[in-house]
Protein chains: 2
Amino acid sequence: MIKANVYVTIKQSVLDPQGVAVQGALHSMGFREVESVRIGKYMELTLDTNDRSEAEARVKAMCEKLLANTVVEDYRFELEG
Amino acid sequence: MIKANVYVTIKQSVLDPQGVAVQGALHSMGFREVESVRIGKYMELTLDTNDRSEAEARVKAMCEKLLANTVVEDYRFELEG
């Protein structure tokens, strides 16, 4: 059993309107020290395999094909267990 | 300048329909080893302060008040820089 933690973030050059909205909300609540907010996705996958190198290749394929839109998003992941 | 990485996840006892949908999609694409998927949010905040302990208290307050719905979500964060 291998656990994969996947992080999908919007590329730095792409506008993140959700992050801008959250930053505005934080400012209006008094958190004026917040200079920027970028919002991404965090996914925890449990894989029924014990082969780490196979898991790495498979999770990479999942990211490329479904979990991330690589035109506007970056992804990274780490494996546990 | 302190960077805060915030992770918001749905509590284990709460159903995650988005995760179930992604798991179904991965299965239908041939990734049959995926046993479970839980989807959360990942936020990168840049704070204009150098006081780590103050930043820690402030980010905790942001999570409690806006970034996480603590009824159904857990959060954790780490500070960098």
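Just above, that's the structure.
Residues numbered from 1 in each chain as written. Chains lettered and ligands numbered in written order. Predicted model: local features only at pLDDT ≥ 70, side-chain atom pairs only at ≥ 80, totals over all residues. Heavy atoms only, no water.

**Examining the relation of the copies chain B and chain A**
For the match of chain B to chain A, the screw axis carries a shift of 0.0 Å, the RMSD comes to 0.0 Å, and the turn is 180°. Such a turn and shift between the copies fits a two-fold axis. Closest approach to the rotation axis within chain B is made by the C-alpha atom of Lys 41 of chain B, at a distance of 2.3 Å. Taken as a fraction of all interface residues of chain B, those also at the interface in chain A reach 100%, which identifies the copy contact as same-surface. (Least-squares fit on C-alpha atoms with pLDDT ≥ 70 in both. Contact = heavy atoms within 4.5 Å.)

**Comments concerning the pairing of strand 2 (residues 34–47) of chain B**
With respect to burial, strand 2 of chain B is a largely interior element, 10 of its 14 residues being buried. Of the pairings in the sheet, the one linking strand 2 (residues 34–47) of chain A to strand 2 of chain B comprises 13 bridges and is antiparallel in character. Considered in strand 2 of chain B, the bridge of Arg 38 of chain A is made with Glu 44 of chain B. Where strand 1 (residues 2–10) of chain B lies against strand 2 of chain B, 7 bridges are found, and the strand directions are antiparallel. What sits directly across from Lys 3 of chain B, in strand 2 of chain B, is Thr 46 of chain B. (Buried < 20%, exposed > 50% of the residue type's maximum accessible area, 1.4 Å probe, protein only. Helix = DSSP H or I, 4+ residues; strand = E, 2+ residues; numbered from the N terminus. Pairing = 2+ DSSP bridges.)

**A few points about the packing of helix 2 (residues 52–67) of chain A against helix 1 (residues 17–28) of chain B**
Orientation of helix 2 of chain A relative to helix 1 of chain B, taken along the N-to-C sense of each, is 110°, at an axis distance of 11 Å. Regarding the angle of helix 2 of chain A to helix 1 of chain B, the classification is roughly perpendicular. Counted together, Met 62, Leu 66 and Leu 67 of chain A of helix 2 of chain A and Val 22, Ala 25 and Leu 26 of chain B of helix 1 of chain B form the full contact between these two elements. For the contact of helix 2 of chain A with helix 1 of chain B, a count of residues per class yields 6 nonpolar, no polar and no charged. (Axes fitted to C-alpha atoms, helices over the stretch in contact; angles between N-to-C directions. Parallel < 35°, antiparallel > 145°, perpendicular 65-115°, else oblique. Nonpolar A, V, L, I, M, F, W, Y, C, P; charged D, E, K, R; others polar.)

**A closer look at the pattern of salt bridges**
All names here are of chain B. All told, the structure shown has 7 salt bridges over all chains when counted by the stated rule. The salt bridge partner of Glu 80 is Lys 3, with a shortest N-O separation of 4.0 Å. With Glu 80 in strand 3 (residues 73–80) and Lys 3 in strand 1, this pair connects stretches of sequence that are 77 residues apart. (Salt bridge = Lys/Arg side-chain N within 4 Å of Asp/Glu carboxyl O.)

**Section: the interface of chain B and chain A**
Facing the 33 residues of chain B at the interface are 33 residues of chain A. Where chain B abuts chain A, roughly 3000 Å² becomes buried across the two surfaces, and 62% of that area is made up of carbon and sulfur atoms. Taken as a group, Phe 31, Glu 33 and Tyr 42 of chain B account for 21% of the area that chain B buries against chain A, more than any other trio of residues on that side. Residue Glu 33 of chain A is joined to Arg 58 of chain B by a salt bridge in which the shortest nitrogen-to-oxygen separation is 2.6 Å. (Buried area = accessible area lost by both parts, 1.4 Å probe.)

**Focus on the sheet that holds strand 3 (residues 73–80) of chain A**
Pairing is antiparallel in the open sheet, where 6 strands are placed in the order 3(A)-1(A)-2(A)-2(B)-1(B)-3(B). Looking at the sheet topology across the chains shown, the edges are occupied by strand 3 of chain A together with strand 3 of chain B. Taking the axes of each pair of neighbouring strands and ignoring which way they run, one obtains an average angle of 20° across the sheet. Helix 2 of chain A rests against strand 1 (2–10), strand 2 and strand 3 of chain A together with strand 2 of chain B of the sheet, and its axis sits at about 155° to strand 3 of chain A. Packing against the sheet, helix 1 of chain B makes contact with strand 2 of chain A together with strand 2 of chain B, and its axis sits at approximately 125° to strand 2 of chain B.

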